[in-house]
Amino acid sequence: MSQVSAGKDILSYCNKCKMALSHTITVMKDINTVGKVMCNTCKGVHAYKDPNAAAKKATRKKSTSPGRKSASAKAELLENKWQADVMGSKNEPQKYSPKSQFVIGDIIDHPKFGMGVVEATMEADKLDILFQTGNKILVHNK
Ligand SMILES: [Zn+2]
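Below or above, wherever it landed, is the structure these notes cover. Everything numeric here is computed off the predicted structure, so don't read it as measured data.

### Here we look at the overall build of the protein chain
When helices and strands are counted, the protein chain shows 1 helix and 9 strands. In the protein chain, the succession of α and β elements from N to C terminus is β-β-β-β-α-β-β-β-β-β. A total of 142 residues make up the protein chain; the buried ones form 13% of that total. Taking contacts inside the protein chain between residues at least 6 apart in sequence as the whole, the part at least 24 apart equals 25%.

This is how it looks when you write it as structure tokens:
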């Protein structure tokens, strides 16, 4: 921080305006530390608040909780889809082997990933399979 003193303008977070705004310094705590500022917008006098610190706090609050929520909601959605597609299918589960050929809608019994449903085929030898833990790309038709 350079050359701050009473009467000069500084960017501070304003609690009333709820944003970082230009403030006039009214009181200095010491030669390098701003004490009180007056908001140039609402004319309110309050302690100086570093706008970067205030903004960081606000965005962190916003981003963590809904982010976590949507991630688990997505996992739940995937699990529901897997339940409906695999458990609801009339197709007989087939043992997975890279030598076999599968088509969309086939139910696959994989030794490691468990039961899955072929959601898409890619190129000549790749399968996009939805397992309980998520989608996996496996080869077939080798
Ligand atoms: Zn203000």
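### Some words on the nonpolar core
By size, the foremost hydrophobic cluster in this structure holds 9 residues: Trp82, Val86, Tyr96, Ile108, Val117, Val118, Leu127, Ile129 and Leu130. Looking at this core, the elements with two or more residues in it are α1 (51-87), β7 (114-122) and β8 (126-131). Per element, the largest residue contribution to this core is 3 residues, and it comes from β8. Beyond its immediate chain neighbours, meaning those up to four positions away, leucine 130 contacts Lys81, Trp82, Asp85, Gly116, Val117, Glu119 and Asn135.

### Structural notes on the sheet that holds β7
Reading across the sheet, the 5 strands line up as β5-β6-β7-β8-β9 and stay open at both edges, with mixed pairing between neighbours. Edge positions in the sheet fall to β5 (94-95) and β9 (134-139), since each of these pairs with one other strand and no more. Examined bridge by bridge, β7 and β8 share 6 bridges and lie antiparallel to one another. Among the inter-strand pairings, methionine 122 is bridged to a residue of β8, identified as lysine 126.

### Observations concerning unusual backbone geometry
Backbone geometry at lysine 18 places phi at a positive 60°, although glycine is not the residue there. Residue placement: lysine 18 occurs in the loop between β1 (9-14) and β2 (19-30). When the 10 C-beta atoms within 10 Å are taken as the criterion, lysine 18 is described as exposed. One non-glycine residue, asparagine 141, lies in positive phi territory at about 60°. Examined against the element boundaries, asparagine 141 turns out to sit in the segment after β9.

### Describing the environment of asparagine 91
Structurally, the position occupied by asparagine 91 is in the loop between α1 and β5. Measuring from C-alpha to C-alpha, the distance between asparagine 91 and valine 117 comes to 9.9 Å, with 26 residues separating the pair along the chain.

### Details of the pairing of β1
Relative to β2, β1 is paired through 6 bridges, and the arrangement is antiparallel. What sits directly across from tyrosine 13, in β2, is alanine 20. Counted between consecutive antiparallel strands, the loop separating β1 from β2 contains 4 residues, among which lysine 18 sits at a positive phi close to 60°.

### Points about the pairing of strand β6 (residues 107-110)
As judged from the 2 bridges shared by β5 and β6, these two strands associate in the parallel manner. Residue pairing in the sheet places glutamine 94 in a bridge with isoleucine 108 of β6. In this sheet, β7 lies alongside β6 in antiparallel orientation, the contact comprising 4 bridges. In the strand pairing of β7, histidine 110 is matched with glycine 114. Counted along the chain from β6 to the antiparallel partner β7, the turn is 3 residues long.

Quick notes on the rules
- Residues numbered from 1 in each chain as written.
- Predicted model: local features only at pLDDT ≥ 70, side-chain atom pairs only at ≥ 80, totals over all residues.
- Helix = DSSP H or I, 4+ residues; strand = E, 2+ residues; numbered from the N terminus.
- Buried ≥ 20, exposed ≤ 12 C-beta atoms within 10 Å, placed from the backbone.
- Contact = placed C-beta atoms within 7 Å.
- Core = buried A, V, L, I, M, F, W, Y, C linked by C-beta atoms within 7 Å.
- Pairing = 2+ DSSP bridges.

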